[in-house]
Amino acid sequence: MLEVEGLHAAYDRVEVLHGVSLTVGAGEFVCVIGANTAGKSTLLRCISRLIPSRGRIAFMGEDLARLPAHRVPGLGIAHVPEGRHVFGGMSVEDNLRAGGYALGRRADLETPLERIYALFPRLAERRDQLAGTLSGGEQQMVALGRALMLSPRLLVLDEPSHGLAPIVVAELHRKLVEIHKEGVSILLVEQNVAVSLAVAERGYVLQSGRVVLEGRAADLAADDRVREAYLGI
Amino acid sequence: MTEAVASPRAAALRPGRAVLIAAVLAVALAVPLGLDPQGYPIRVLTLTLLFAAMGQAWNIVGGLANQISLGHAGFFGIGAYASTILLRDFGLSPWLGMLAGMALAALAAAALAVPTFRLKGHYFALVTLAFGEVMRVIANSWSSVTGGPVGLSVPFAPDSLWMFQFGAARPYYYICLGALVAVTLVFWRIKAGALGYRLRAIKENADAAEVIGVDTFRAKLQAGLISATLTAGLGTVYAQFSYFFDPDTIFGVATISVRMALIAIVGGVGLTFGPIVGAFFIIPVEEFANAALAGRAAGLSAFVYGAVLIAVILLKPEGLLALFAALGKRWRERRR
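Because the structure is a prediction, the values reported are computed rather than measured.

Turning to the overall build of chain B, a few remarks are in order. For chain B, the helix and strand inventory stands at 15 helices and two strands. C-alpha atoms of chain B, sized along the principal axes, occupy 60 × 50 × 40 Å. The proportion of buried residues among the 336 residues of chain B is 48%. Pairs at least 24 residues apart make up 77% of the contacts formed inside chain B by residues separated by at least 6 positions. Accessible surface, chain B as shown: approximately 15,400 Å² in total, 71% of it carbon and sulfur.

Before going further, it helps to spend a moment on the interface of chain A and chain B. Contact with chain A, which involves 23 residues of that partner, is made by 21 residues of chain B. Carbon and sulfur atoms make up 59% of the surface buried where chain A meets chain B, a total of about 2,000 Å² over both sides. Looking at the side of chain A facing chain B, the largest losses of area belong to A:His70, A:Phe87 and A:Tyr101, adding up to 31% of the total buried there. Summed over the shared surface of chain A and chain B, the result is one salt bridge. B:Asp207 is the salt-bridge partner of A:Arg45, the closest N and O atoms lying 2.9 Å from each other. Here chain A is connected to chain B by eight residue pairs in polar contact (both at pLDDT 80 or more). For the side of chain A that touches chain B, the element with the highest residue contribution is helix 2 (residues 92-99) of chain A, accounting for three residues.

Right, let's get into empty space enclosed by the protein. Residue and element names in this part refer to chain B. Tallying each qualifying case throughout the model produces three cavities of 30 Å³ or more. What lines the largest cavity is a set of 14 residues, among which Phe 75, Leu 112, Phe 117, Phe 124 and Gly 224 lie closest to the centre. If you tally residues by element for the lining of the largest cavity, the top one is helix 4 (residues 94-116), at four residues. Along the lines of polarity and charge, the residues of the lining of the largest cavity split into nine nonpolar, five polar and no charged.

Residue and element names in this part refer to chain A. Positive phi outside glycine occurs at Thr 37, with the angle close to 70 degrees. Here Thr 37 shows up in the loop between strand 3 (29-33) and helix 1 (40-47). We classify Thr 37 as exposed; its relative accessible area is 76%. Phi at Glu 159 is positive, roughly 45 degrees, even though this residue is not glycine. Mapped onto the elements of the fold, Glu 159 is located in the loop between strand 7 (154-158) and helix 6 (166-181).

Many descriptions give the size of an interface as the accessible area lost when the pieces come together. Residue and element names in this part refer to chain A. One can read the domain layout of chain A as domain 1 (2-76 + 152-231) and domain 2 (87-150). Using C-alpha coordinates to define each centre, domain 1 is positioned 23 Å away from domain 2. With 15 residues of domain 1 in contact, the opposing surface of domain 2 contributes 12 residues. When domain 1 packs against domain 2, the two sides together hide about 1,100 Å² of surface, and 80% of this comes from carbon and sulfur. The tally of links from domain 1 across to domain 2 stands at zero salt bridges. There are one residue pair in polar contact (both at pLDDT 80 or more) connecting domain 1 and domain 2. Going through the elements one at a time, strand 7 and helix 6 are the ones with two or more residues in the side of domain 1 that touches domain 2. Considering each element in turn, the side of domain 1 that touches domain 2 owes the most residues, seven residues, to helix 6. Taken together, the residues of the side of domain 1 that touches domain 2 break down into 10 nonpolar, one polar and four charged.

In terms of nonpolar packing, the biggest core is built from 81 residues, with B:Met54, B:Phe75, B:Tyr81, B:Leu199, B:Leu234, B:Phe245 and B:Ile250 touching the most fellow members. The element that contributes the greatest number of residues to this core is helix 2 (residues 40-64) of chain B, accounting for 11 residues. Once residues within four sequence positions are removed from consideration, B:Leu199 is found in contact with B:Leu64, B:Ala65, B:Ile190, B:Ala219, B:Lys220 and B:Ala223. Among the nonpolar cores identified, the runner-up in size contains 44 residues, and A:Leu96, A:Phe120, A:Leu123 and A:Leu172 belong to it.

All names here are of chain A. Spatially, four strands are ordered 2-1-4-5 in an open sheet, and the strand pairing comes out antiparallel. Edge strands, defined here as strands with exactly one partner in the open sheet, are strand 2 (14-24) and strand 5 (62-63). Pairing of strand 4 (residues 54-59) with strand 5, which is carried by two bridges, proceeds in the antiparallel orientation. Considered in strand 5, the bridge of Ala 58 is made with Asp 63. Against the sheet, helix 1 contacts strand 1 (2-11), strand 2 and strand 4, and its axis sits at roughly 115 degrees relative to strand 1.

All names here are of chain B. Summed over the entire model, instances satisfying the criterion amount to 17 salt bridges over all chains. Between Glu 133 and Arg 136 there is a salt bridge, and its shortest N-O distance comes to 3.0 Å. Placement of the pair is Glu 133 and Arg 136 together in helix 5 (residues 121-141), with a separation of three residues, close to one helical turn. Accessibility expressed as a relative area gives 22% for Arg 136, which makes it partly exposed. Between Arg 259 and Glu 286 there is a salt bridge whose closest N-O contact spans 2.8 Å. Here the residue Arg 259 occupies a position in helix 12 (residues 253-268), and Glu 286 occupies one in helix 13 (residues 274-293), the gap between them amounting to 27 residues. Exposure remark for Arg 259: the relative accessible area of 15% places this residue in the buried category. Using a relative accessible area of 15% as the deciding quantity, one classes Glu 286 as buried.

The rules behind each value
Residues numbered from 1 in each chain as written. Chains lettered and ligands numbered in written order. Predicted model: local features only at pLDDT ≥ 70, side-chain atom pairs only at ≥ 80, totals over all residues. Heavy atoms only, no water. Helix = DSSP H or I, 4+ residues; strand = E, 2+ residues; numbered from the N terminus. Buried < 20%, exposed > 50% of the residue type's maximum accessible area, 1.4 Å probe, protein only. Contact = heavy atoms within 4.5 Å. Areas by Shrake-Rupley, 256 points an atom, 1.4 Å probe, with all protein chains shown as cover. Buried area = accessible area lost by both parts, 1.4 Å probe. Salt bridge = Lys/Arg side-chain N within 4 Å of Asp/Glu carboxyl O. Polar contact = N/O pair within 3.5 Å; in protein donor to acceptor, adjacent residues only side chain to side chain. 1 Å grid on protein atoms, 1.4 Å probe; cavity = no way out; pocket = protein on both sides within 12 Å on 5 of 7 lines; lining within 4 Å. Points joined across faces, edges and corners; volume = space filled by probe spheres on them. Nonpolar A, V, L, I, M, F, W, Y, C, P; charged D, E, K, R; others polar. Domains from an automatic or database assignment. Core = buried A, V, L, I, M, F, W, Y, C linked by side-chain atoms within 4.5 Å. Pairing = 2+ DSSP bridges. Axes fitted to C-alpha atoms, helices over the stretch in contact; angles between N-to-C directions.

This is how it looks when you write it as structure tokens:
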């Protein structure tokens with residue numbers, strides 16, 4: 001479904017991705033793990049076209065590399081940016097409705113809205129509250145819900161567990177598994193290696209802008225190099 | 001969070017506010033009837049209304065799109081020069097000249113937007129500042145068309161609505177009041193509408209807006225074009241009201257560009273009534289400082305004016321409307 005091949009990206013003249021290749025199949029749950037500065041966020045920002053890149057990015061046969069960022073969600077790719085980035089001054093419900101923006105003016109937003117409230121009852125309780133006044137975990141739910149408004153085919157998540165309490169992280173990942181079961185493909189980028197390998201089916205290890213290891217999540221979790229470098233075992 | 005970022009669906013008029021607006025409008029309509037139609041007070045009021053409208057036009061790009069422009073004098077002057085030159089050379093009604101100036105300003109804004117909207121913060125402000133200055137230099141040096149540094153006089157015509165010329169200040173007062181209401185309605189429609197929604201999303205987080213599918217460049221461009229077009233229209237009104245202008249006043253950084261921004265910022269940037277409150281504070285303070293202190297020491301009036309502005313910003317950086325709201329709240333609490 002998503003095919004990335006030989007992707008190079010640079011900030012100014014400093015190249016941070018040196019030819020990354022990865023695929024996400026239909027209905028797959030894939031994670032990309034790696035240390036800070038490995039280029040994980042850059043990879044996602046390339047896929048969403050927030051920054052320019054060299055190399056092939058195709059989604060369901062469509063060449064993404066030629067599209068501006070605001071056209072990407074229309075194809076069915078929903079990006080949950082790093083650091084949540086909810087619209088703090090808007091209510092929870094307005095944030096969610098904003099997520100349906102790419103669907104167009106006449107789109108039915110009520111059905112996805114109901115589904116998201118069913119998935120996150122906490123958001124239903126707080127629908128009129130300004131999103132900026134929510135806790136970090138709740139804001140992450142808003143950011144996730146906002147992305148789901150598109151009824152995306154591919155959900156792209158950038159460090160969703162960053163800065164959240166372990167108990168909230170566990171809940172978040174339970175939700176991701178639930179979303180995945182409904183048929184949404186997921187590309188998850190995480191520093192939290194143990195948790196991501198526990199929920200994903202397949203994984204890539206990114207190091208200094210290169211894929212150094214890939215395989216089934218269970219195999220990666222058992223791999224000595226991964227255990228040593230990222231799990232501290 | 002302040003009122004500026006309250007939910008747009010909550011922006012619908014509350015009944016109490018509607019009554020207040022109607023009352024203020026009624027007073028604004030009645031005031032000139034009690035004033036000498038040729039006098040100084042009505043001229044100051046007319047200018048205040050015009051500057052409020054200019055601040056409001058600036059508010060569309062500065063307050064809603066969050067692009068701090070210091071070059072709006074460029075559009076203002078384009079409007080003034082376009083209508084006056086067309087009147088001088090072809091006898092064209094300034095109302096039609098106004099439309100020509102607005103179209104020209106829209107073209108200039110579009111040409112300016114392509115390279116500048118990718119710039120952030122003070123870089124954008126600097127480029128717009130340069131734009132206004134370039135327009136001033138052009139007007140100064142292209143003497144065959146603009147009259148050069150000597151300036152342009154609006155050719156005299158007898159009292160006529162079609163020729164946009166009146167012997168007394170009163171008709172100009174009502175035209176400026178109408179312009180302020182019109183620009184404010186445009187601002188309010190944008191703010192409460194879909195474009196306002198997009199602009200708010202961009203203001204809060206440009207990347208997040210892009211990944212949900214907002215074309216950030218297009219939204220900012222729309223706001224910029226509307227703002228520039230309205231500003232040019234007001235430039236024509238200014239030319240007809242003052243009969244004379246020269247490049248240094250009409251394209252002035254301090255006299256026009258910064259003052260437009262200041263009016264919106266001091267009143268409450270991004271708020272529907274911010275520029276109106278700002279203009280009714282800044283213009284009278286400026287006039288008073290000039291009238292009362294000009295004879296004393298050189299520069300004293302400018303010093304007092306500057307000190308008052310600094311005091312406001314130090315007291316409440318969000319502007320006068322926020323200051324009034326805070327004072328009102330404190331007063332109600334004390335009474336309890």
